[in-house]
Amino acid sequence: MALLRRLAVNAPRSVRVLSSAPPSRDDLDLSFNSPKDAFKSKKTSELVRAYLVYQICSINWIVENNDMLMKRLRQVVGQRLFEAIMKATFYGQFVAGEDQNKIRPTIERLRSFGVKSILDYSVEEDLSQEEAEKREVSASISQCGDTQEEGQLKQYHVEQRFADRRYKVTSARTYFYLNEASCEKNMEAFLKSIDAVAAITKSTGLMAIKLTALGRPQLLLQLSEVIMRARNYMQQIAGGTGNVLTHHKTIEDFQRYFGDHSTKPEVQEFMKKITSDKEGVLHIFPWDRIVHLFPWSNILDKDMNLSDSFRVPDPKTGQMRRLISQITPKEEEMFRNMLRRLNHIIQIANEADVRIMIDAEQTYFQPAISRICLEMMRRYNKEKFLVFNTYQTYLKNTYNEILTDLEQAKRQNFYWGAKLVRGAYIEQERARAAAMGYEDPTCESVAATTTSFHKCLKEILSRVKAENNRLGIMVASHNEDTVRYAIELMKQHDIKPDERVVCFGQLLGMCDHITFPLGQAGYSAYKYVPYGPVVEVLPYLSRRANENRGFLSKIKKEKGLLLKEIGRRLVTGQLFYKPVGTYTPV
């Protein structure tokens, strides 16, 4: 922290003076057709590079073989020349630099043009498919084995064919568990990123983390299965289906459900733990999804044992049965280690005034990730936005999940922060559901996903004022129509850009024609800023190439804007234009 204070004191005088000056603001062109507004932060050489990279991303053969071509180029020209070529092309376009010091100029330039940063240390292991599958299968099965049990939900168990979680995924980083030491190393990398955000972004930055980087995937699978089995159990008690939030039950309802078994000591002990919240909704232990079955408020307790906690009375026999598959004492310790790492990261972020976004992952991990994230919000978001969850709107049930989480935030009185995305795993999710024989969790089309996104966005923004601005959302989208829709909703609900409850996010090197006009017009705009050594971020660059190929229509527009701006500078004698920003982010 002393280092951070020194960095703040030693900040350039020009920065400190600018911070007190009235901020520059431009009018926002909602057509996003102004090349000058889009690229005033770029040197002409950077515009040429961007056009070249987009052109390459339009060539299918190169994109399909980009991993092989990069490795072959590295072998032919050697490490030093290879890095120089990458910095002049793909790396320079999509990555800010190798380390905390080298990314500073990029972050400061973004800031001077009204754009804030979400930092991500994008180093990845370059594993073969065989090695990835081997690691994932090994780390997804308890030492007790993966035996068939009554009530088991097969989607929350590892499947060899989909053990390489990179399958059909082009826009998300994947961590594969090796051991507890590797998770500690990942935690240290996240802590360094917090230092970088705090030192460089002047308390405006965010940091993204993935929970699979911090623990054994088996534990997320088992916890996710518990949550879904608990919901099924509640639906049986309620005599219906749907969101358990609507199932208002009394003690007498539970006694009738258990019948004669309600007099058994173990059932009576279970019933004693039922409490109700201020709305009169019952909790069987104080926790899950408003109608609570287990002690989620205690999940961060280092003494909590999963095996002992997740038990419910069997309505047929009255005997207590586990909802979690078997887990060893060592695996219990691994679970506590995962939560300890996450808790430590958030504590340090809180001290450094850096907000944390917990990324969404596959549906078979997501119930556990969202549950843990909400508990962190409940603990740390009492006075401000610190922890944000991520919601993928290509999933059919996302709207219901958001409704339930909003209600929990209201009842338990914490700031609710969300990043709304379309999602990264749709093709993999569809293929896995079809192969394993469970219901496809995804929306049926691109249009349905957009409808889902807009429905969620409308619901959240309609509640902002009623909740006294205690709801915050990042609209993480490269879709112009979605950005326009969000701005329209902000106007409808009288949400001002400088209230900072709505922000927008796009990737570094992509959709500058959206991000920069937003930031320059006074909206809260972010770039997702990856950094790391050239060779170690090659998997990230490979995904960016594939992702750009998937958005050829968007690339076509951006390429056209790039050519117009290069042409304008050529005609007006500004080829050697030097960007100097006078904007201050909200």
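Everything numeric in this text was worked out from a predicted model, so none of it was measured. (Residues numbered from 1 in each chain as written. Predicted model: local features only at pLDDT ≥ 70, side-chain atom pairs only at ≥ 80, totals over all residues. Heavy atoms only, no water.)

**Student:** Any chance you could break down the overall build of the chain for me, citing the residues and the numbers?
**Tutor:** A count of helical and extended segments in the chain gives 24 helices and 12 strands. Of all intrachain contacts in the chain linking residues separated by at least 6 positions in sequence, the fraction that spans at least 24 positions is 77%. (Helix = DSSP H or I, 4+ residues; strand = E, 2+ residues; numbered from the N terminus. Contact = heavy atoms within 4.5 Å.)

**Student:** So what's going on with the pattern of salt bridges? Residues and values would help.
**Tutor:** Here the structure, examined in full by the defined rule, presents 33 salt bridges. The partner of Lys 557 in a salt bridge is Glu 480, with the nearest N and O atoms 2.9 Å apart. Within this pair, whereas Lys 557 is found in helix 24 (residues 552–572), its partner Glu 480 is found in helix 21 (residues 480–492), the two being separated by 77 residues in sequence. Assessed through its relative accessible area of 23%, Lys 557 is described here as partly exposed. Exposure remark for Glu 480: the relative accessible area of 16% places this residue in the buried category. (Salt bridge = Lys/Arg side-chain N within 4 Å of Asp/Glu carboxyl O. Buried < 20%, exposed > 50% of the residue type's maximum accessible area, 1.4 Å probe, protein only.)

**Student:** Can you explain the environment of Ala 521? Please cite residues and give values.
**Tutor:** As for its position among the elements, Ala 521 is in the loop between helix 22 (512–520) and strand 12 (524–531). Aside from chain neighbours lying at most four places away, what touches Ala 521 is Arg 25, Asp 26, Asp 27 and Leu 28.

**Student:** Break down the packing of helix 17 (residues 366–380) against helix 18 (residues 398–412) for me, citing the residues and quoting the values.
**Tutor:** Where helix 17 meets helix 18, the closest approach of the two axes is 11 Å, and the angle between their N-to-C directions is 25°. On the basis of their axis angle, the class for helix 17 and helix 18 is roughly parallel. In terms of crossing hand, the pair formed by helix 17 and helix 18 is right-handed. When helix 17 is examined against helix 18, the residues Arg 371, Leu 374, Glu 375 and Arg 378 are found in contact with a partner set consisting of Asp 405, Gln 408 and Gln 412. A class-by-class count of the residues in the contact of helix 17 with helix 18 yields 1 nonpolar, 2 polar and 4 charged. (Axes fitted to C-alpha atoms, helices over the stretch in contact; angles between N-to-C directions. Parallel < 35°, antiparallel > 145°, perpendicular 65-115°, else oblique. Left-handed = near helix turned anticlockwise from the far one by under 90°. Nonpolar A, V, L, I, M, F, W, Y, C, P; charged D, E, K, R; others polar.)

**Student:** Outline the sheet that holds strand 2 (residues 206–209), supporting the account with residue identities and numerical values.
**Tutor:** The strands making up a sheet associate through hydrogen bonds between their backbones, and the pairing can be parallel or antiparallel. Spatial strand order, 1-2-7-8-9-10-11-12: 8 strands in a closed barrel with parallel pairing. Strand after strand, the sheet turns through a mean of 30° between neighbouring axes, direction not considered. One ladder, built from 5 bridges, connects strand 8 (residues 387–392) with strand 9 (residues 416–421); its direction is parallel. Counterpart to Thr 390 in the pairing with strand 9 is Lys 419. In this fold helix 11 (residues 180–201) packs onto strand 1 (115–121), strand 2, strand 7 (355–358) and strand 12, with an angle of close to 165° to the strand it touches most, strand 2. Running at roughly 130° to strand 12, helix 22 makes contact with strand 1, strand 11 (502–507) and strand 12 of the sheet. (Pairing = 2+ DSSP bridges.)

**Student:** Lay out the side chain of Gln 392 in plain terms, naming residues and giving numbers.
**Tutor:** Here Gln 392 shows up in strand 8. Classification of Gln 392 by relative accessible area gives buried; the value is 4%. At a separation of 3.1 Å, a polar atom in the side chain of Gln 392 contacts the main-chain carbonyl oxygen of Glu 361. Residues contacting Gln 392, with those up to four places away along its chain left out, are Ala 360, Glu 361, Thr 398, Val 421, Arg 422, Gly 423, Ala 424 and Tyr 425. (Polar contact = N/O pair within 3.5 Å; in protein donor to acceptor, adjacent residues only side chain to side chain.)

**Student:** Residue-level account of the pairing of strand 8, with values.
**Tutor:** With respect to burial, strand 8 is a largely interior element, 6 of its 6 residues being buried. Burial of the side chains of strand 8 extends over both faces: Val 387, Asn 389 and Tyr 391 are buried on one face and Phe 388, Thr 390 and Gln 392 on the other. Traced from strand 8 through helix 18 to strand 9, the parallel crossover comes out right-handed. (Right-handed = clockwise from strand over helix to strand, strands pointing away.)

**Student:** Got a sec to walk through the nonpolar core? Specific residues and values, please.
**Tutor:** In this structure, Ile 345, Trp 416, Leu 457 and Phe 504 are the most contacted members of the largest nonpolar core, which totals 100 residues. Among the elements that line this core, the one with the most residues is helix 11, at 10 residues. Leave out the neighbours within four places in its chain, and Leu 457 touches Leu 420, Ile 473, Val 475, Thr 482, Tyr 485, Ala 486 and Leu 489. Core analysis: the second largest hydrophobic core is formed by 39 residues, Phe 90, Met 510, Leu 538 and Leu 541 among them. (Core = buried A, V, L, I, M, F, W, Y, C linked by side-chain atoms within 4.5 Å.)

**Student:** So, a nonpolar patch on the surface: which residues are in play, and what are the values?
**Tutor:** On the surface, Leu 570, Val 571, Leu 575 and Phe 576 cluster together into a nonpolar patch covering about 510 Å² of accessible area. Considering the arrangement of structural elements, one finds Val 571 in helix 24. A residue is classified by how much of its surface remains accessible, and Val 571, at 74% relative accessible area, is exposed. (Patch = residues over 30% accessible without salt bridge, like charges linked within 9 Å, V, L, I, M, F, W, Y side chains within 5 Å. Areas by Shrake-Rupley, 256 points an atom, 1.4 Å probe, with all protein chains shown as cover.)

**Student:** Please provide a residue-by-residue account of the packing of helix 11 against helix 16 (residues 329–352), values included.
**Tutor:** Between two packed helices, what matters for the description is the angle formed by their axes and the separation of those axes. Where helix 11 meets helix 16, the closest approach of the two axes is 10 Å, and the angle between their N-to-C directions is 10°. Judged on the interaxial angle alone, helix 16 and helix 11 are roughly parallel. Contacts from Glu 180, Cys 183, Glu 184, Met 187, Phe 190, Leu 191, Ile 194 and Ala 198 in helix 11 reach Met 334, Asn 337, Arg 340, Arg 341, His 344, Ile 345, Ile 348, Ala 349 and Ala 352 in helix 16. Class assignment for the residues of the contact of helix 11 with helix 16 results in 11 nonpolar, 2 polar and 4 charged.

**Student:** I'd love a proper account of helix 4 (residues 44–57), names of residues and values included.
**Tutor:** An ideal rise of 1.5 Å per residue puts 20 Å on 14 residues; helix 4 measures up with 20 Å between its terminal C-alpha atoms. Of all the residues in helix 4, the buried ones are Thr 44, Glu 46, Leu 47, Arg 49, Ala 50, Val 53, Tyr 54, Ile 56 and Cys 57. (Expected span 1.5 Å × (residues − 1).)

**Student:** Hey, could you go over unusual backbone geometry for me, with residue numbers and the actual values?
**Tutor:** The backbone of Asp 353 sits at a positive phi, close to 60°, despite the residue not being glycine. According to the relative accessible area criterion, Asp 353 is partly exposed, its value standing at 36%. Despite not being glycine, Asp 494 has its phi angle at roughly 55°, a positive value. As for its position among the elements, Asp 494 is in the loop between helix 21 and strand 11. Since its relative accessible area comes to 46%, Asp 494 is described here as partly exposed.

**Student:** Would you mind going over the packing of aromatic side chains in detail, with residue names and values included?
**Tutor:** Here the structure, examined in full by the defined rule, presents 9 aromatic pairs. Between Tyr 391 and Trp 416 the ring centres are 5.6 Å apart and the planes differ by 40°, which places this aromatic pair in the tilted class. Of the two residues, Tyr 391 sits in strand 8 while Trp 416 sits in strand 9, which places them 25 residues apart along the sequence. Trp 416 shares its class with Tyr 391; the two are buried. (Phe/Tyr/Trp six-rings, centres within 6.5 Å; stacked < 30°, edge-to-face > 60°.)

**Student:** How would you summarise the side chain of Arg 216 if you had to cite specific residues and measurements?
**Tutor:** Here Arg 216 lies in the loop between strand 2 and helix 12 (217–238). An unpaired buried charge is present at Arg 216: no salt bridge exists, and Glu 331, the closest side chain of opposite charge, is 4.5 Å distant. Here Ile 141 takes part through its backbone oxygen, which lies 3.1 Å from a polar atom of the side chain of Arg 216. Beyond its immediate sequence surroundings of up to four residues, Arg 216 is in contact with Ser 138, Ala 139, Ile 141, Tyr 177, Glu 331 and Met 334. (Lys, Arg positive; Asp, Glu negative; His and termini not counted.)

Take it as geometry only, folks, not as evidence of what the structure does.
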